[in-house]
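Listed below, chain by chain, are the residues.
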Amino acid sequence: GRPGLSPRHVTARVAPLGSRLVLALVEDRTRERQVEAVRRDFVANVSHELKTPVGAIRLLAEAVADAADDPEAVHRFSGRMLTESDRLSRLVQQIIELSRLQANEPIEGPAPVSVDDVVKTAVDTSAIDADSRHISVVSGGTEGLEVYGSTEQVTAAVANLVANAIAYSGDGSTVLVTTKALPETVEISVVDQGIGIPESEVERIFERFYRVDPARHRSTGGTGLGLSIVKHVAATHGGDIRVWSVEGQGSTFTLTLPRRKQENEQ
Ligand code: ADP
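Residues numbered from 1 in each chain as written. Predicted model: local features only at pLDDT ≥ 70, side-chain atom pairs only at ≥ 80, totals over all residues. Heavy atoms only, no water.

## Quick look at the packing of helix H3 (residues 71–102) against helix H7 (residues 226–236)
Part 1: Where H3 contacts H7, the two axes come as close as 10 Å, and the packing angle between them is 30°. Judged by the angle between their axes, H3 and H7 are roughly parallel. H7 is crossed by H3, and the crossing has left-handed handedness. Every residue of H7 that contacts H3 at Gln-94, Glu-97, Leu-98, Leu-101 and Gln-102 is listed here: Gly-226, Ser-228, Ile-229, His-232, Val-233 and Thr-236.
Part 2: Along the lines of polarity and charge, the residues of the contact of H3 with H7 split into four nonpolar, six polar and one charged. (Axes fitted to C-alpha atoms, helices over the stretch in contact; angles between N-to-C directions. Helix = DSSP H or I, 4+ residues; strand = E, 2+ residues; numbered from the N terminus. Parallel < 35°, antiparallel > 145°, perpendicular 65-115°, else oblique. Left-handed = near helix turned anticlockwise from the far one by under 90°. Contact = heavy atoms within 4.5 Å. Nonpolar A, V, L, I, M, F, W, Y, C, P; charged D, E, K, R; others polar.)

## So, the environment of Lys-51
Part 1: Note on placement: Lys-51 falls in helix H2 (residues 20–66).
Part 2: When the C-alpha positions of Lys-51 and Leu-88 are compared, they lie 9.7 Å apart, and in sequence the two are 37 residues distant.

## So, the packing of aromatic side chains
Part 1: One pass over the structure, following the stated rule, counts two aromatic pairs.
Part 2: Taking 6.4 Å as the distance between ring centres and 70° as the angle between the ring planes, the aromatic pair formed by Phe-206 and Phe-253 counts as edge-to-face. Residue Phe-206 is found in the loop between strand E5 (185–191) and helix H6 (214–220), and its partner Phe-253 is found in strand E7 (residues 250–258); the two are separated by 47 residues along the sequence.
Part 3: Under the relative-accessibility criterion, Phe-253 is labelled buried at 7%.
Part 4: Looking at Arg-76, its charged tip hangs above the ring of Phe-77, at a distance of 5.2 Å from the centre. (Phe/Tyr/Trp six-rings, centres within 6.5 Å; stacked < 30°, edge-to-face > 60°. Buried < 20%, exposed > 50% of the residue type's maximum accessible area, 1.4 Å probe, protein only. Lys NZ or Arg CZ within 6 Å of the ring centre and 35° of its normal.)

## Thoughts on the sheet that holds E7
Part 1: Read from one edge to the other, the open sheet built from five strands follows the order E2-E4-E5-E7-E6, with strand pairing classed as mixed. This sheet does not close on itself; its edge strands, each paired only once, are strand E2 (134–140) and strand E6 (240–246). Ignoring which end each strand starts from, the neighbouring axes of this sheet average 15° apart.
Part 2: The pairing of E6 with E7 spans seven bridges and is antiparallel. Looking across to E7, one finds that Val-246 is bridged to Gly-250.
Part 3: Against the sheet, helix H5 (residues 151–167) contacts E2, strand E4 (174–181), E5, E6 and E7, and its axis sits at roughly 170° relative to E7. (Pairing = 2+ DSSP bridges.)

Take it as geometry only, folks, not as evidence of what the structure does.
Structural data, given as C-alpha cells:
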C-alpha cells in the first residue's frame, strides 16, 4: 500500500491478486500509520496547548518580581498565576485521561456502575461552580439500574457534560440532568438553556482541543478536551453521545450506555 491510500482503496487494488495474507498485511500497515498519525498530531497539539499557560505563568512570575514594592500589584499578579496554574493542572489531568482512553485498552477491572450514583457524584462535583444556576436531576425509572464498566470514567464523562452546561449558560438558568431506562440502554441527558452551538460547529465539538469560540473559552477556562473524553468513554462502554442544540436557546447532550446484562460479568 502506498501512503495516503484509504483501506478501501487498498483493498480494491490488492484483492485481484487473490492473496488474503497480503491484503491483511496491507490493511494492518494502513491502520498502524493512521494510529501513528493520530499520535503525532496529539503530541503536537499538546505541546502547543501547554505552552500557553506555561508562558503566561512565566510572564506573571516576572511581573511579580518586578512589582516587589507594590503589594497591590503583587496580589493581583499572583491571583492570576493561581488561575493559570489551576488551568494548567486541569489541562494536564485531562491530557493524561484522554491519552489513556485513546490507547483503547480494555477497562481495568470492569464492574457494575450505578447510574443514579454516577449522576449524583457528577452533579455534586460540578455544582461547586454552579453559582446561581439551578441544577435539577430527574430520574426516569433508573433506580437501582446499572451499566457495566468504569464508575470513574462514566462519572468523569457526566461531570464534563454538566460542567459544560454550567459554563455555557447564563446566571439564573436551569441545568436539567435526566436519566431514562430503555429496554437495552440507559440515557443520561444534560439539558441547558445556554448559548447553544451553531449548526456548522456541532460536528466538530467532539474533536480534541476544538472550541467553538477560543476567545470565549479563555474566560470559561475550558481545555477543549472535555467532549473528546466523553466520546471515548461512550465508545469504551459500547455506547454513544449525541447532541441537539439551537444557537441562543440551549443544548441537550445525551449519553447512551448499554444496560448491564448478567453475561457481562463473566
Ligand atoms: P471546553 O473545555 O472548551 O468546554 P469541550 O470539549 O468540553 O471543551 O467542548 C468543546 C466546545 O464545545 C466548547 O469549547 C464549546 O464551544 C462547545 N460546547 C460544549 N458544551 C457546550 C454547551 N453545553 N453549550 C454550548 N457550547 C458547548
